[in-house]
Each structure stands twice: as C-alpha cells, then as structure tokens.
Amino acid sequence: MNALASEIVRDTSAVSAADLAKGGHFSGTIGDITTPDPRMVCREVNVWYGDKHAIKDVSLDIGNHQVVAMIGPSGCGKSTFLRCLNRMNDTIDGCRVRGSITLDGQEIYDKGLDPVPLRAQVGMVFQKPNPFPKSIYENVAYGARIHGLTNSKAELDALVETSLRKAGLWNEVKDRLDQPGTGLSGGQQQRLCIARTIAVSPEVILMDEPCSALDPIATAIIEELIDELREQYSIAIVTHSMQQAARVSQRTAYFHLGDLVEVGETTQVFTNPRHKLTEDYITGRFG
Ligand SMILES: Nc1ncnc2c1ncn2[C@@H]1O[C@H](COP(=O)(O)OP(=O)(O)OP(=O)(O)O)[C@@H](O)[C@H]1O
Ligand SMILES: [Mg+2]
C-alpha cells in the first residue's frame, strides 16, 4: 500500500458517526433518546404499510411533564409514529407495528391489552378540530360516560366544567353549553376537543398539527394552553412550524424518511443541530 492509500485508510477509519452525520447520511439517531423520568418508552419501533417501511427502528422516551415536538418533512413518518403511541395504527388496514412501547412500564402492544382504555390514557387531538355533532356539554361528557368515570349528574357537571376550564374555554361557553360544538369557531372547537381529551384523565396527550387549521390568535391561545397542560400531562406534538416547536417544546425530535435522525433539547436542536439533515431542514434548505 502506498503512503497516500494508507493515509486514506487511516482517514476513513477515523470517521465518526458525527462526521458521517455532517455529510448528511443517516447512521443512527444522534442525541439522547432517553429522559430521566419517562412516561412512555419506545424502543426499536418499526411500522410498515404493506411493503412500505414507514418507521425504522425508532427509539425515543416521552418525558413526564414535558412537551416533545416531532418535526420533519412531509411523509417522514411523524403522524405514523404518533399513532403508534396509542395504537391508532391498529385501525389502518395493512399497517404493521413492531418493537416495544411502554406506558408507565406496561407494554401497550401486549395481546391482552384493550386499546380502548389506552386511548383515554393516551389521548389524541387531531389537525382538524372534530367535535361530535352534539352539544358543547355532551362533547366533553361523552368519554366520561363511556368509561363510567362519574357517578352522578353533579359529578359529571363538575367534570365538564373543570375540563373546559383547563382547556381555557369555560368563560366563552358557560352560558351556551347546550348549543352544538360545531357552532364554535375553529380555535374554540380545537379547545373543545382538548377539553374532551382531558375529561377522561389522560396521562399523555398526542397532538398532530393541532394549530394548522387555526389563525395566529387562536394558535397563540392553544400554544399557551399547551404550556399550561404540561404541568399535568406529557405531550407529544407534531408540527410543521419551527417557531411553534421552539415556543412550546422542551425536546425536539427530527424525523427524515422514517428515521429518527436527531433528538435533543429544543434550544440545542434549533441553535446547534448536530446532524446535517437536521441543519438543512431547520435552515429551510429542504422540506
Ligand atoms: N394509511 C396509509 N397507507 C399507506 N401508506 C401510508 C399511510 N399513511 C401514511 N403512509 C405512508 O407512510 C409514510 C409516512 O406518512 P406520515 O403520514 O406518517 O407522514 P408525516 O410525516 O405525518 O407527513 P405530513 O407532514 O405530510 O403529515 C408516507 O410515505 C406515507 O405515504
Ligand atoms: Mg402527518
């Protein structure tokens, strides 16, 4: 081997994962996937739609009293991963999920586990507000009735009020609880959906682009609300808005083509991304 060749060999062997990352290749998640106090622990999660491998070996903790933002280009698997966390993917034909996801130590994909109560423990707020075609009161009371959470009308009334208060909607609707939820503004409807989620005492709240159908004022109200909800719940939010991720989250996870490329404290990910793919995305070079 000549001198140059041996130099190249030495150079190549010295390439670290971080160097590779700077070249824009994926070679394993960069950053700390764990949190000191995890509510949910996801390990080597894989998802396929038929032959399409949509989530590849993703491992990530969902921390207690923390908001984790999931960002990345369209189609990278954010919604798919979020849906793994409360087994919503079960409802999609041809979708297979492998790997381990626990909630407070309990494997949520255990065969014997009923996904219906799981979806109360791990609630979901969707992109488009989707109140039921029922009154404001009934929208919030619905889950509590199904899950048998209250014993009397007075208890149910109190639960509806508390949930609407936590969702920051009570003062706007207290005089018209019997009117249809669909008659509220988009931002109010989204807060109604959050109240409905809260009413069944979740531990984790999943939000898939919860503000994308809202104007800036309604968005600001929901963002403030997310910050307050963090005191009681763990939250995972998918967003296309980098500003929103920076404003509401403590941790950020960057997905690319089904891989979890980088995860870290939000300030670090946005000010000093360690992976070239993350850097390209947050500086607007693609996505
Ligand atoms: N029901 C489905 N059947 C088949 N393929 C699907 C299905 N849902 C998603 N996919 C595919 O899985 C991949 C990940 O999709 P997903 O919706 O999770 O992406 P996303 O990051 O949420 O995108 P967006 O930002 O556009 O919402 C994509 O390639 C998508 O086409
Ligand atoms: Mg999506």
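Bear in mind the structure is a predicted one, so any value in this text is a computation, not a measurement. Counting restarts for each chain: residues are numbered from 1 in the order of the written sequence. In the order they appear in the text, chains get letters beginning with A and ligands get numbers beginning with 1. Reporting of local features is limited, given that this is a predicted model, to residues whose pLDDT is at least 70; pairs of side-chain atoms are given and counted only at 80 or more, and all residues count toward the totals for whole chains, interfaces and linings.

Tell me about the overall build of the protein chain, and please be specific about residues and values.
Within the protein chain, the regular secondary structure consists of 12 helices and 10 strands. It is the C-beta atoms, placed from the backbone, that decide contacts: two residues are in contact if theirs lie within 7 Å. For the protein chain, contacts bridging at least 24 residues in sequence account for 70% of all contacts bridging at least 6. A run of H or I in DSSP counts as a helix once it spans at least four residues, and a run of E counts as a strand once it spans at least two, with each numbered from the N terminus.

With reference to specific residues and values, describe the site of ligand 1.
In this text, near has one meaning. A residue is near a molecule or strand if its C-beta atom, placed using the backbone, is within 6 Å of it. Taken together, Y49, K52, A54, G72, S74, G75, C76, G77, K78, S79, T80 and I92 form the complete shell of residues around ligand 1. When residues in the shell around ligand 1 are grouped by element, the largest group, three residues, is from helix α3 (residues 78–84). Among the residues making up the shell around ligand 1, the classes are represented as four nonpolar, six polar and two charged. Residues are grouped as follows: nonpolar covers Ala, Val, Leu, Ile, Met, Phe, Trp, Tyr, Cys and Pro; charged covers Asp, Glu, Lys and Arg; every other residue, Gly included, is treated as polar.

I'd like a description of the sheet that holds strand β10 (residues 259–265), backed by residues and values.
On the basis of which strands lie adjacent, the open sheet formed by six strands has the order β6-β7-β8-β3-β9-β10 and mixed pairing. Looking at strand neighbours, the two that pair on one side only are β6 (122–125) and β10, the edges of this open sheet. Here the strands of the sheet are splayed against their neighbours by 20° on average, with no regard to which way each runs. Two strands are counted as paired when DSSP detects at least two bridges linking them. Looking at chain direction, strand β7 (residues 204–208) and strand β8 (residues 234–238) are connected through five bridges and run parallel. The partner of L206 across the bridge, within β8, is A236. Every axis in this analysis is a line fitted to C-alpha atoms, fitted for helices over the stretch in contact. Angles between the N-to-C directions lie between 0 and 180 degrees.

So what about the nonpolar core? Which residues, and what values?
With 70 residues, the main nonpolar core has M70 and A236 as its most contacted residues. Contacts of M70, omitting those with residues within four sequence positions, involve K78, F81, L82, A236, V238, A253 and F255. Each nonpolar core consists of buried Ala, Val, Leu, Ile, Met, Phe, Trp, Tyr and Cys residues. Their C-beta atoms, within 7 Å, join them into a set. Exposure criterion: with C-beta atoms placed from backbone coordinates, a residue whose C-beta has 20 or more other C-beta atoms within 10 Å is buried, one with 12 or fewer is exposed, and one in between is partly exposed.

I'd like a description of the pairing of strand β3 (residues 67–71), backed by residues and values.
Burial analysis of β3 places five of its five residues in the buried class, the great majority of the element. Here four bridges tie β3 to β8, and the two strands are oriented parallel to one another. Note on β8: the bridge partner recorded for A69 is I237. In this structure, β3 lies alongside strand β9 (residues 251–256), joined through four bridges in parallel fashion. Following the sheet pairing, V68 is matched in β9 by R251.

Before we move on, can you summarise the sheet that holds strand β1 (residues 38–49) with the specific residues and values?
Read across the open sheet, the four strands follow the order β2-β1-β4-β5; overall the sheet is antiparallel. The sheet is open, and its two edges are formed by β2 (52–63) and β5 (106–107), each paired on a single side. With two bridges connecting them, strand β4 (residues 95–103) and β5 associate as antiparallel partners. When the bridges of β5 are listed, L103 appears paired with Q106.

Tell me what's going on with the pairing of β6, and back it up with residues and numbers.
Both faces of the sheet carry side chains from a regular strand, because those side chains alternate between them. Here β6 shows a buried face lined by V122 and M124 and a second buried face lined by G123 and V125. Where β6 lies against β7, four bridges are found, and the strand directions are parallel. Across the sheet, the residue bridging to V122 is V204, located in β7.

Kindly report on the packing of helix α8 (residues 186–198) against helix α9 (residues 216–229), identifying the contributing residues and their values.
The geometry of α8 relative to α9 is characterised by a closest axis approach of 9 Å and an angle of 20° between their N-to-C directions. Relative to α9, α8 is oriented roughly parallel. By crossing handedness, the relation of α8 to α9 is classed as right-handed. Across the interface between the two elements, G186, G187, Q190, R191 and I194 from α8 touch A218, I221, I222 and L225 from α9. Class assignment for the residues of the contact of α8 with α9 results in five nonpolar, three polar and one charged. Note on angle classes: values under 35 degrees are labelled roughly parallel, values over 145 roughly antiparallel, values of 65 to 115 roughly perpendicular, and the remainder oblique. Helix crossings fall into two classes, left-handed where the near helix is turned counterclockwise from the far one by less than a right angle and right-handed where it is turned clockwise.

Pulling in residues and values, what's your account of the environment of H275?
Examined against the element boundaries, H275 turns out to sit in the loop between α11 (266–271) and α12 (276–282). For H275 and K166, which are 109 residues apart along the polypeptide, the C-alpha to C-alpha distance reads 38 Å.

Describe unusual backbone geometry, naming the residues involved and giving the relevant values.
Positioned with a positive phi, H65 is a non-glycine residue whose angle comes to about 50°. Within the element layout of this structure, H65 appears in the loop between β2 and β3. Not every positive phi belongs to a glycine, and S201 is a case in point at roughly 55°. Looking at where S201 falls in the secondary structure, it is placed in the loop between α8 and β7.

Structural measurements only, silent on function.
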